[in-house]
Amino acid sequence: MPQYLLSVHSVDGETREPMTDEEMQQSWKQVQALNEEIKSAGAWLFGGALHEPDTATVVRIAEGELLTTDGPFAESKEHLGGFYIIEADNLDAALAWASKTTAAVRKPIEVRPFRHAES
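These notes cover the structure that comes with them. Remember, it's a predicted structure, so these values are computed and weren't measured experimentally.

**Topic: the pattern of salt bridges**
So, step 1. Tallying each qualifying case throughout the model produces two salt bridges.
So, step 2. Note that E37 and K100 form a salt bridge whose closest N and O atoms lie 2.4 Å from each other. Placement of E37 in helix 1 (residues 21-40) and of K100 in helix 2 (residues 91-105) is noted, with a sequence separation of 63 residues between them.
So, step 3. Overall, the relative accessible area of 33% leaves E37 in the partly exposed class.
So, step 4. The shortest N-O distance in the salt bridge between E110 and R112 comes to 3.8 Å.
So, step 5. E110 gets classed as partly exposed once you look at its relative accessible area, which sits at 32%.

**What to know about the nonpolar core**
So, step 1. In terms of nonpolar packing, the biggest core is built from 17 residues, with L6, I38, Y84, I86, W97, I109 and V111 touching the most fellow members.
So, step 2. Secondary structure elements with two or more residues in this core: strand 1 (3-11), helix 1, strand 5 (78-87), helix 2 and strand 6 (109-113).
So, step 3. The element best represented in this core is helix 2, accounting for five residues.

**Here's the deal with the sheet that holds strand 5**
So, step 1. Taken together, the four strands give an open sheet; going across it, the order is 2-5-1-6, and neighbouring strands pair in antiparallel fashion. Every other strand in the sheet has two partners, leaving strand 2 (44-49) and strand 6 as the edge strands with one partner each. Put simply, the sheet's adjacent strands are angled 20 degrees from each other on average, direction ignored.
So, step 2. Taken together, the nine bridges between strand 1 and strand 5 define a ladder with antiparallel strand orientation. Its bridge partner being in strand 5, L5 is matched across the sheet by I85.
So, step 3. Most of the contacts of helix 1 go to strand 5, to which it runs at about 30 degrees, and overall it touches strand 2 and strand 5.
So, step 4. Across the sheet, helix 2 touches strand 1, strand 5 and strand 6, and the angle it forms with strand 6 is around 155 degrees.

So, how was this worked out
Residues numbered from 1 in each chain as written. Predicted model: local features only at pLDDT ≥ 70, side-chain atom pairs only at ≥ 80, totals over all residues. Heavy atoms only, no water. Salt bridge = Lys/Arg side-chain N within 4 Å of Asp/Glu carboxyl O. Helix = DSSP H or I, 4+ residues; strand = E, 2+ residues; numbered from the N terminus. Buried < 20%, exposed > 50% of the residue type's maximum accessible area, 1.4 Å probe, protein only. Core = buried A, V, L, I, M, F, W, Y, C linked by side-chain atoms within 4.5 Å. Pairing = 2+ DSSP bridges. Axes fitted to C-alpha atoms, helices over the stretch in contact; angles between N-to-C directions. Contact = heavy atoms within 4.5 Å.

Pasting the structure below:
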């Protein structure tokens, strides 16, 4: 079955009204309900939320030497905040999960299929 990455995108400095404690609890309940729905449908493979981009370390090879640098790979206001890896029959089914995800997390969701190596 095809696999898809549903990536949750956040924007630094995005202006919106701060959530009340009650709204935060309701949002958490929506995310938990979504996670349970994805799992019970058999679509869940893996998922997680990420720390802020300033906690990132980038590892690369440059001129034959290993280099590590603090911070995100790309300087940007937009960053990956979390992700789901799911199985779905097709792109339309993955987009249906993405629509539920964006409603629960209130962030944009990018859907990308995995590229599978030919056997």
